[in-house]
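Chains, contacts and geometry: an overview
Chain by chain, the residues:
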Amino acid sequence: MDMTDLDDVPGADEPLGGTDLALLARVAELSERVDPVPEGLVERSCFAMTLAGLESEVMDLMVLEVPAGSVRGDASPLETRTITFTHERLTVMIALSPGNLPGTVRVDGWLAPTGALPIVLRRPDGDLSTTADDDGRFVLEDVPRGLASLLVEQDDVPITTPVIEL
Amino acid sequence: MGGPGGRRGAHCAALGSWAAVGSSGAPDHEDARREMTSPPETESLGDRAAAALLGYRVGRTEAMSEFVREATPLLWRTVRAQGVAREVADDVVQQTWTALVGHAETISEPKATLKWLLVTARRAAWEAVRKGRADEVRRTELPDDDADASGMLPDPSPGPEAEVLQDERDRLLWGALRELPDRCQELLRLVSLADRPDYRSISAAIGMPIGSIGATRGRCLAKLRAVLTEQGETSWT
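Definitions and limits used
- Residues numbered from 1 in each chain as written.
- Chains lettered and ligands numbered in written order.
- Predicted model: local features only at pLDDT ≥ 70, side-chain atom pairs only at ≥ 80, totals over all residues.
- Heavy atoms only, no water.
- Phe/Tyr/Trp six-rings, centres within 6.5 Å; stacked < 30°, edge-to-face > 60°.
- Helix = DSSP H or I, 4+ residues; strand = E, 2+ residues; numbered from the N terminus.
- Buried < 20%, exposed > 50% of the residue type's maximum accessible area, 1.4 Å probe, protein only.
- Polar contact = N/O pair within 3.5 Å; in protein donor to acceptor, adjacent residues only side chain to side chain.
- Axes fitted to C-alpha atoms, helices over the stretch in contact; angles between N-to-C directions.
- Parallel < 35°, antiparallel > 145°, perpendicular 65-115°, else oblique.
- Left-handed = near helix turned anticlockwise from the far one by under 90°.
- Contact = heavy atoms within 4.5 Å.
- Nonpolar A, V, L, I, M, F, W, Y, C, P; charged D, E, K, R; others polar.
- Pairing = 2+ DSSP bridges.
- Salt bridge = Lys/Arg side-chain N within 4 Å of Asp/Glu carboxyl O.
- Expected span 1.5 Å × (residues − 1).
- Bend = angle between axes of the 7 residues up to and from the residue.
- Disulfide = S-S within 2.5 Å.

**Topic: the packing of aromatic side chains**
Residue and element names in this part refer to chain B.
- Scanning the model with the defined rule gives one aromatic pair over all chains in all.
- Each ring, one from Phe67 and one from Trp97, has its centre 5.7 Å from the other, and the planes form 90°; the classification is edge-to-face. Taken together, the residues Phe67 in helix 5 (residues 62-81) and Trp97 in helix 6 (residues 86-102) connect sequence positions 30 residues apart.
- Assessed through its relative accessible area of 2%, Phe67 is described here as buried.

What follows is the structure, given as structure tokens:
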């Protein structure tokens, strides 16, 4: 069916009534069940807006080795996850594993091309900083779980990742 | 689960402590203040979007936080309707909200904020689909990598509906919805999340002829009812 099949649908000009609204409510409910809005997307969006004041370029996320059927917000917190972010100037891969302290995460990261670049992990509670080594590796230990975005200082314009849930 | 929890609310409110856009000397400062202090004009999502933007410009972000919470599902549906995979759609929605921050000062008609968001989300989604296809082409050009390539395709359908729609009536409605043209499906999914006065701006944002929906049922909804009637499903609600 295309749009031209809809030119003369009987009832199209009738006023929207209670039955229509109830039908729409069911459409909303079924859509949410079939394709739920990921948990935490509102919070990631708010944090991304908060960080947006900073002049930076945002990387794309590339899906790699994320447990099947999950979105970041849904992933089991105890599993090791690997996420890759791509940008025309830089690729960042991070592996997330449980930290030494309860409720924390260890972040192992690799930059390509390699470079000893300053790294900032931006969190709602504050930033954590480190520097990649000459091979482009960096580690952030015992990072509290929650929302985070990585910022890599490169050239004049820093590059940031989308907000993810650690 | 899934409802607005305390922790999340607290976090979204943190938007307030960070946002520092807008100059207090802006000419629309007084308008914004009036908008924010008068009893909220909540008859439509579009009105709440306008109030949120005006407040945000003068550093008052409570309304924006609330609007983000309310409108994120709408953006999610918009992006998913363009065929963007779930994982990528998450970023496209974030990106759309980020773009609103970047354009907060330049959106000339606050009443058009909702439409602006929907148009921006659609364009960003198309861009993501285009990039995804380009990546896919590059990937399949590598001889060793073709076995898993299909797993990286954005899934065009919204999900394993058979598993979650056990109820026969739900399946009939979903089936009827899926018989409509794509843009009709998109329109109905979006308006189902908004208020009646928003129908016009939503239909405009997704390129449906203006006037086709509004105070009236509109062609898409009428068609959905017709399909359901054909299937003998009359107890719609």
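Alright, that's what it looks like, and here's the rest.
**Quick notes on the side chain of Arg81 of chain A**
- Structurally, the position occupied by Arg81 of chain A is in strand 3 (residues 81-86).
- One polar contact links the side chain of Arg81 of chain A to the main-chain carbonyl oxygen of Glu165 of chain A, over a distance of 2.8 Å.

**Quick notes on the packing of helix 2 (residues 41-51) of chain A against helix 6 of chain B**
- Viewed as axis vectors pointing N to C, helix 2 of chain A and helix 6 of chain B meet at an angle of 40°, and their least axial separation amounts to 8 Å. Accordingly, the angle class assigned to the pair helix 2 of chain A and helix 6 of chain B is oblique. For the pair helix 2 of chain A and helix 6 of chain B, the sense of crossing is right-handed. Contacts between helix 2 of chain A and helix 6 of chain B involve Leu41, Arg44, Ser45, Ala48 and Met49 of chain A from the first element and Asp90, Val93, Gln94, Trp97, Thr98 and Val101 of chain B from the second.
- Along the lines of polarity and charge, the residues of the contact of helix 2 of chain A with helix 6 of chain B split into six nonpolar, three polar and two charged.

**Concerning the pairing of strand 5 (residues 104-112) of chain A**
All names here are of chain A.
- Where strand 4 (residues 91-98) and strand 5 come together, eight bridges link them in antiparallel fashion. Counterpart to Val92 in the pairing with strand 5 is Leu111.
- Linking strand 4 back to strand 5 in an antiparallel pair, the connection comprises five residues, with Gly103 at a positive phi of about 75°.
- Bridge analysis of strand 5 against strand 8 (residues 137-144) gives six bridges, and the strand direction is antiparallel. For Asp108, the partnering residue across the bridge sits in strand 8 and is Val139.

**A few points about the pattern of salt bridges**
- Applying the stated rule across the entire model yields 21 salt bridges over all chains.
- Where Asp170 of chain B meets Arg26 of chain A, a salt bridge forms, and the shortest distance between an N and an O atom there is 3.3 Å. Separated into two different chains, Asp170 of chain B in helix 9 (residues 168-179) and Arg26 of chain A in helix 1 (residues 18-34) make up a pair that spans both.
- Note on Asp170 of chain B: relative accessible area 9%, which makes it buried.
- Classification of Arg26 of chain A by relative accessible area gives buried; the value is 11%.
- Across the pair Glu186 of chain B and Arg122 of chain B runs a salt bridge, and its minimum N-O distance is 2.9 Å. In this pair, Glu186 of chain B sits in helix 10 (residues 182-191) while Arg122 of chain B sits in helix 7 (residues 113-140), placing the two residues 64 residues apart along the sequence.
- You can call Glu186 of chain B buried: its relative accessible area is 5%.
- A network of salt bridges, in which partner residues are shared, links Glu32 and Asp35 of chain A together with Arg77, Arg80 and Arg86 of chain B.

**As for the packing of helix 9 of chain B against helix 10 of chain B**
All names here are of chain B.
- Interhelical geometry of helix 9 versus helix 10 gives an angle of 130° and a closest axis separation of 7 Å. Regarding the angle of helix 9 to helix 10, the classification is oblique. Taking contact as the criterion, the partners of Trp174, Leu177 and Arg178 in helix 9 are, on helix 10, Gln185, Leu188 and Arg189.
- Of the residues in the contact of helix 9 with helix 10, the class split is three nonpolar, one polar and two charged.

**Comments concerning helix 5 of chain B**
Residues and elements named next belong to chain B.
- Counted at 1.5 Å a residue, the expected span for helix 5 with its 20 residues is 28 Å, and the 29 Å between its end C-alpha atoms agrees.
- Maximal helix bending in helix 5 amounts to about 40°, located at Ala71; proline Pro73 follows within four positions.
- With 14 of its 20 residues buried, helix 5 lies for the most part within the structure.
- Remark: Gly83 follows helix 5 within two positions and exhibits a positive phi of approximately 90°.

**Describing the environment of Arg196 of chain B**
- Positionally, Arg196 of chain B belongs in the loop between helix 10 and helix 11 (199-205).
- Separated by 152 residues in the primary sequence, Arg196 of chain B and Ser44 of chain B have C-alpha atoms spaced 7.2 Å apart.

**A word on the state of the cysteines**
Residue and element names in this part refer to chain B.
- Scanning the entire structure with this criterion turns up one disulfide over all chains.
- Between the sulfur of Cys184 and that of Cys220 lies a disulfide, 2.0 Å long from S to S. Of note, the bridge from Cys184 to Cys220 carries an S-S torsion of about -80° and is left-handed in sense. Of this pair, Cys184 sits in helix 10 while Cys220 sits in helix 12 (residues 218-230), and the two are 36 residues apart along the sequence. Of the two residues, Cys184 and Cys220, both sit in the buried class.

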